[in-house]
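Tertiary structure, described
Residues per chain, in single letters:
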Amino acid sequence: MKYKTTWLDSYFYRPNFFQKILSFLLLPFSFLYLCLAVLNTAFKKKQKFTLPILCVGNLTIGGSGKTPTCKAIATFLKEEYKFKKICVILRGYKRKSKGLLVVKINDEIRCSLKESADEAMEYAFCKDMDLVIVSEDRVKAILEAKKLGADVILLDDAFSKFHIEKFTILLENIAKPFFNFVLPSGAYRLPLSFAKRADFVARENEDFLVYSYTKENRKAILVSAIAKPFRLYKHFAKARACYFFKDHYEFKKEELENLLKKHKCDTLMLTFKDFVKVKDMGFKTQLIELNIELKDSFKDKIRRYLKDFDETCKN
């Protein structure tokens, strides 16, 4: 079984000697980045809204499980609170469009993959997400969601938007960066001290469980363009070969055909985030199911927030 990982994953999580040296050499740039990042979170007037807003974020760059967590929260809200229209709002990183875009409303997907980007399209295929909006301006997106009848809003990756009144959930994974530095010396987008600004720090295995499953298939190659692909480690041996690309990579049909031909395989083993990018290329595919289970401690925090929000609105 062969696999190829990314240089950045090695640099941030399992650095070799030369990568460690590079990390320390870049510390002056990290200090500059830190100053700019902190200033960007200050001096903004806080805005309140008349519908509950839950934010799922992290301090590191990608790969913390925000998307499956938002999907798990949406399922929980549907089952326990019977919300009729749950909206998720995200930036739409790497999309080929600009401004506010309604990706999905009810059961209708209103744009192409290139316009929405992979994460938004993954949400669009989630039955519990009734409204999917991408926008760099989260406030504008919240107002649009309210206009379209949203009952509750999930903000994917908006931890640093401190000017928005929201219930902030910060995900903390078992896998942590090697250094506690901010970019570019480390994987942190904000300093660790900012965790205190979260309403709830959800810890893997304490507050939520991560599951992934797929069958062994010796006629398949595992191909992925997700952050921290080493999260799929237990599945590496289930495929004949593994290839990892940078996060949000746009697959090319000929490139995938050549990989299948090289290993004499006929199937692509993919996460759903990767699947939405190749679903129209005609390949035989096998999904790696990635799921999040919210433990009672996680659900109780959401229940308390919604109860407090409801009581505040009544008063």
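A few points on the structure.

Notes on the pattern of salt bridges
The final tally for this structure, using the stated rule, is 16 salt bridges. Among the ionic pairs, R95 bridges to E136, the shortest N-O distance being 3.0 Å. Of this pair, R95 sits in the loop between β3 (86-90) and β4 (101-105) while E136 sits in the loop between β6 (131-134) and α7 (138-147), and the two are 41 residues apart along the sequence. Look at R95 and you get buried, because its relative accessible area is 10%.

Considerations on unusual backbone geometry
With an omega of 0 degrees, the peptide bond running from L183 to P184 counts as cis. A positive phi angle, near 75 degrees, is found at K94, a position not held by glycine. You can see K94 is positioned in the loop between β3 and β4. A residue is classified by how much of its surface remains accessible, and K94, at 45% relative accessible area, is partly exposed. Even without being a glycine, H248 presents a positive backbone phi close to 70 degrees.

Some points on the nonpolar core
In this structure, I73, L77, M129, L154, I169 and F298 are the most contacted members of the largest nonpolar core, which totals 39 residues. Here the element with the most residues in this core is helix α4 (residues 66-81); it accounts for 6 residues. In contact with L77, other than residues within four places in its own chain, are K82, F83, I86, V152, L154, I302 and L306. Among the nonpolar cores identified, the runner-up in size contains 19 residues, and V102, L131, V139 and A158 belong to it.

A closer look at the state of the cysteines
Counted under the stated rule, the structure contains 0 disulfides. C70 forms no disulfide, and the closest cysteine sulfur to it belongs to C55, at a distance of 8.1 Å. Its sulfur unpaired, C242 is 10 Å from the next cysteine sulfur, which belongs to C265. For C242, a relative accessible area of 1% puts it in the buried group.

Some points on the packing of aromatic side chains
Here the structure, examined in full by the defined rule, presents 22 aromatic pairs. Judged by centre distance (5.0 Å) and plane angle (25 degrees), the rings of F167 and Y305 are stacked. Placement of F167 in strand β8 (residues 167-172) and of Y305 in helix α10 (residues 296-314) is noted, with a sequence separation of 138 residues between them. The pair F167 / Y305 is uniform in exposure class, with both members buried. Both rings, one in F236 and one in F244, keep their centres 5.2 Å apart while their planes meet at 45 degrees; by these two values the pair is tilted. Overall, F236 belongs to the buried group, its relative accessible area being 4%. In this structure F244 comes out as buried when scored by relative accessible area, which is 7%. By the ring-pair criterion, three or more aromatic residues cluster together here, those being F24, F178, F179 and F181. One Lys or Arg, R14, reaches over the ring of F230 and ends 4.9 Å from the middle of that ring. Over the ring of F162 we find R197; its NZ or CZ atom is 3.8 Å from the centre of that ring.

Thresholds applied
Residues numbered from 1 in each chain as written. Predicted model: local features only at pLDDT ≥ 70, side-chain atom pairs only at ≥ 80, totals over all residues. Heavy atoms only, no water. Salt bridge = Lys/Arg side-chain N within 4 Å of Asp/Glu carboxyl O. Helix = DSSP H or I, 4+ residues; strand = E, 2+ residues; numbered from the N terminus. Buried < 20%, exposed > 50% of the residue type's maximum accessible area, 1.4 Å probe, protein only. Core = buried A, V, L, I, M, F, W, Y, C linked by side-chain atoms within 4.5 Å. Contact = heavy atoms within 4.5 Å. Disulfide = S-S within 2.5 Å. Phe/Tyr/Trp six-rings, centres within 6.5 Å; stacked < 30°, edge-to-face > 60°. Lys NZ or Arg CZ within 6 Å of the ring centre and 35° of its normal.

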